[in-house]
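# Per-entry structural report
Chain residues, written in single-letter form:
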Amino acid sequence: MPLKSPTDAPRSDLLVMFGASGDLAKKKLFPAIYRLECRGHLGIPVIGVALDAWTDDDLRSHCRESIAEAGEEWDQAAFDRLASKMSYVSGDYSDPATFTELARKAGGACHPIFHLAIPPSLFATVATGIANAGMAAGARLIIEKPFGRDYDSAVALNATLHEHFSESAIFRIDHFVGKEALRSLLVTRFANAIVEPLWNRNVVSSVKITMAESFGVEDRGSFYDSVGAMRDVMQNHLLQMVALLGMEQPVNEHSKALRDEKGKVLEACRVVDPKHFVRGQYNGYLDVPGVKPNSDTETYAAFRLDIDSPRWSGVPFYLRAGKALAETVTEMTIEFKSPPRPLWIDHHDHVPNNSIRIEAKPENFAAITWLHKEPGETMMPEAITLAPPPDERRDTGPEPYELLIEEAMKGDPTLFAREDSVLESWRIVERILTDYPPVERYEQGSWGPSSASKLVRSHGGWPSEPPINSHS
């Protein structure tokens, strides 16, 4: 549940999808707006814009195919309502005539919202085209990541957007922040008296964040080769997770208070040291269509992050993300220190420390690992993990894009990245974008290059396939 917004902003009365023929729109956006229509939460016209020479009916057919391929439960009445409000504009984003036609089709919309599901290099061009066609007043922009390619380009992009749109009208989307597990983290941390006193440098040994995918780049070779793991997910997804894990409690439930605290965490982060950075590339990546021959783009990245704040000083945060790994999982693990003098453990190196593990994908749950006595005569401790049973780990809430599009239409910025946080994220990784080691090859289906294991050796290694026992 989003935090309370301090103002009642007008709701958007038109959704314009730039990049309507693209991969993101097909896989995520059309299914999302269909689900919104099924719940009665869309209710506004939708205009698709792309270079393809489509008609309105072509857009509707494409939308239907997208919904079917996503495996959505079919509601003919809802689709008919959605299709009846859909239209299409074909044109080049650098051609003013495209925006003239868009303005004509937009009619009298007072608060249109423009979703830029297009390459980042086109953000400024499209924003300027919208403004020149007289559609910026009262409008909102949804901007996809990555927001720029580095610190300087992000500053320049912000400057261009702010020529036409106020900061309050810009919604920088990170769909991972819309996941149920990450939103639940705020409740886990700040609604439980037993958790918050443990969430600090006095008892936490390390924090480890993993975003692993068992599949490769697939058909996104050209795009992925231009960004790599660092720009695709590390600078945005994983650092947003760091902000949620490391933030102080907001002073109230308004979105500004939440975003203020997230910004403070990122501001306290040191610039990543290249000696604490590992890059990898899976064998077979160079054979993917669209990937440049002899590409040095990383499909795996891992680094140590240090936060110079009273709460976290001295506690390493280890982040890793990669393609073609052993499994698909996104998780956050908070590992606690060992007791000063462990009792009843003759050789206790093999006994894991207490930990809290929060899984955001493929399932949504939190688990805690602790020690208790093995049954029998001995006093030897054994580790057990307390977690919800499997049938209670499903995420039954709205899908991330479904939720985030609705929140943007309402004008609620809670779940979106603010300008200062985006710039701080680029500052944190700025050095390792240019000063980095060569990629290390790794086998598909492995856990990445061997150097990544050495990175966390002093803190027990990476968590991989931790046993989850459903004790109640």
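Residues numbered from 1 in each chain as written. Predicted model: local features only at pLDDT ≥ 70, side-chain atom pairs only at ≥ 80, totals over all residues. Heavy atoms only, no water.

This part is about empty space enclosed by the protein. All chains considered together, the criterion is met by five cavities of 30 Å³ or more. In terms of lining residues, the largest cavity is bounded by 15 residues, among which Lys145, Phe147, Asn236, Ala417 and Val422 are the most central. Counting residues per element, the ones that place at least two in the lining of the largest cavity are helix 8 (221-246) and helix 11 (419-429). Considered class by class, the residues forming the lining of the largest cavity number six nonpolar, five polar and four charged. (1 Å grid on protein atoms, 1.4 Å probe; cavity = no way out; pocket = protein on both sides within 12 Å on 5 of 7 lines; lining within 4 Å. Points joined across faces, edges and corners; volume = space filled by probe spheres on them. Helix = DSSP H or I, 4+ residues; strand = E, 2+ residues; numbered from the N terminus. Nonpolar A, V, L, I, M, F, W, Y, C, P; charged D, E, K, R; others polar.)

This part takes up the sheet that holds strand 2 (residues 46-50). Pairing is parallel in the open sheet, where six strands are placed in the order 3-2-1-4-5-6. Edge positions in the sheet fall to strand 3 (86-90) and strand 6 (170-172), since each of these pairs with one other strand and no more. Across this sheet, the average inter-strand angle for adjacent strands is 20°, counted without regard to direction. Of the strands in this sheet, strand 1 (14-18), strand 2, strand 3 and strand 4 (112-116) are in contact with helix 1 (residues 23-38), which crosses strand 1 at around 170°. Contacts between helix 6 (residues 151-162) and the sheet are confined to strand 5 (140-143) and strand 6, with strand 6 contributing the most and set at about 150° to the helix. (Pairing = 2+ DSSP bridges. Axes fitted to C-alpha atoms, helices over the stretch in contact; angles between N-to-C directions. Contact = heavy atoms within 4.5 Å.)

In this chain, Lys145 is followed by Pro146 through a cis amide linkage whose omega measures 0°. Within the secondary structure, Pro146 is located in the loop between strand 5 and helix 6. In this structure, Pro362 follows Lys361 across a cis peptide bond, with omega equal to 5°. The topology assignment puts Pro362 in the loop between strand 12 (355-361) and strand 13 (365-373). Positioned with a positive phi, Asn294 is a non-glycine residue whose angle comes to about 60°. By secondary structure assignment, the location of Asn294 is in the loop between strand 8 (277-282) and strand 9 (300-305).

Turning next to the pairing of strand 10 (residues 317-322). Counting buried residues in strand 10 gives six out of six residues, a clear majority hidden from the surface. Along strand 10, one buried face is formed by Phe317, Leu319 and Ala321 and the opposite face, lined by Tyr318, Arg320 and Gly322, is buried too. Pairing analysis gives six bridges linking strand 7 (residues 204-212) to strand 10, with the strands arranged parallel. Bridge pairing in strand 10 places Ala212 opposite Gly322. In this structure, strand 9 lies alongside strand 10, joined through six bridges in antiparallel fashion. Bridge pairing in strand 10 links Arg304 to Tyr318. (Buried < 20%, exposed > 50% of the residue type's maximum accessible area, 1.4 Å probe, protein only.)

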